[in-house]
Amino acid sequence: MQIRHCTEKSNVDDSLLIIDPIQIRHVIVKSGKLSLISGSIDPKSHLNLDYPYHLVKQCIVAEKFEIGSNVEMSEGGFVFAELEPTKYGHYGKYDYTQNLQNMINAVKKVRDTN
């Protein structure tokens with residue numbers, strides 16, 4: 001299973017360029033359909049020229065952000081949309097490890113309250 005960056009078809013122009021990068025999400029695809037969808041990406045980690053390790057360059061394209069929605073395919077596999085260089089910015093230093101720890105703690109807190 002591979003996590004992929006994904007955008008909706010309505011967020012892609014005729015040249016396969018992403019219109020609004022904030023609408024990109026992480027997804028898991030099974031059998032050409034979305035099986036898991038996260039929230040929107042964080043620009044500080046995905047669009048940040050000061051943190052080049054996880055820049056979004058390409059996204060697969062889904063019909064909609066709904067479980068079971070089809071992913072666009074061509075004869076060669078997934079259809080990819082790209083980001084124009086102007087969509088990136090300087091957001092400053094980003095501590096991925098601390099952000100990951102914060103996420104883990106938040107999930108634990110939710111589990112503990114349930």
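Attention in this report is confined to the structure presented alongside it. (Residues numbered from 1 in each chain as written. Predicted model: local features only at pLDDT ≥ 70, side-chain atom pairs only at ≥ 80, totals over all residues. Heavy atoms only, no water.)

Regarding the pairing of strand S2 (residues 25-30)
Pairing of strand S1 (residues 3-8) with S2, which is carried by four bridges, proceeds in the antiparallel orientation. Counted as the bridge partner of Cys6 is Arg25 from S2. As paired elements, S2 and strand S3 (residues 33-40) share five bridges and run antiparallel to each other. Residue pairing for S3: Val29 is matched across the bridge by Leu34. Where S2 folds back onto S3 in an antiparallel hairpin, the turn is made up of two residues, including Ser31, whose phi is positive at roughly 55 degrees. (Pairing = 2+ DSSP bridges. Helix = DSSP H or I, 4+ residues; strand = E, 2+ residues; numbered from the N terminus.)

Let's talk about the environment of Gly68
Position of Gly68 relative to the elements: it lies in the loop between strand S4 (58-62) and strand S5 (73-74). Residue Gly68 is classed as partly exposed on the basis of its relative accessible area of 34%. In sequence terms Gly68 and Lys33 are 35 residues apart; their C-alpha atoms lie 5.1 Å from each other. Aside from chain neighbours lying at most four places away, what touches Gly68 is Lys33 and Leu34. (Buried < 20%, exposed > 50% of the residue type's maximum accessible area, 1.4 Å probe, protein only. Contact = heavy atoms within 4.5 Å.)

What to know about unusual backbone geometry
At Leu16, a residue that is not glycine, the phi angle is positive and equals roughly 65 degrees. In this structure Leu16 comes out as partly exposed when scored by relative accessible area, which is 37%. Unusually for a residue other than glycine, Ser31 sits at a positive phi of about 55 degrees. Within the secondary structure, Ser31 sits in the loop between S2 and S3.

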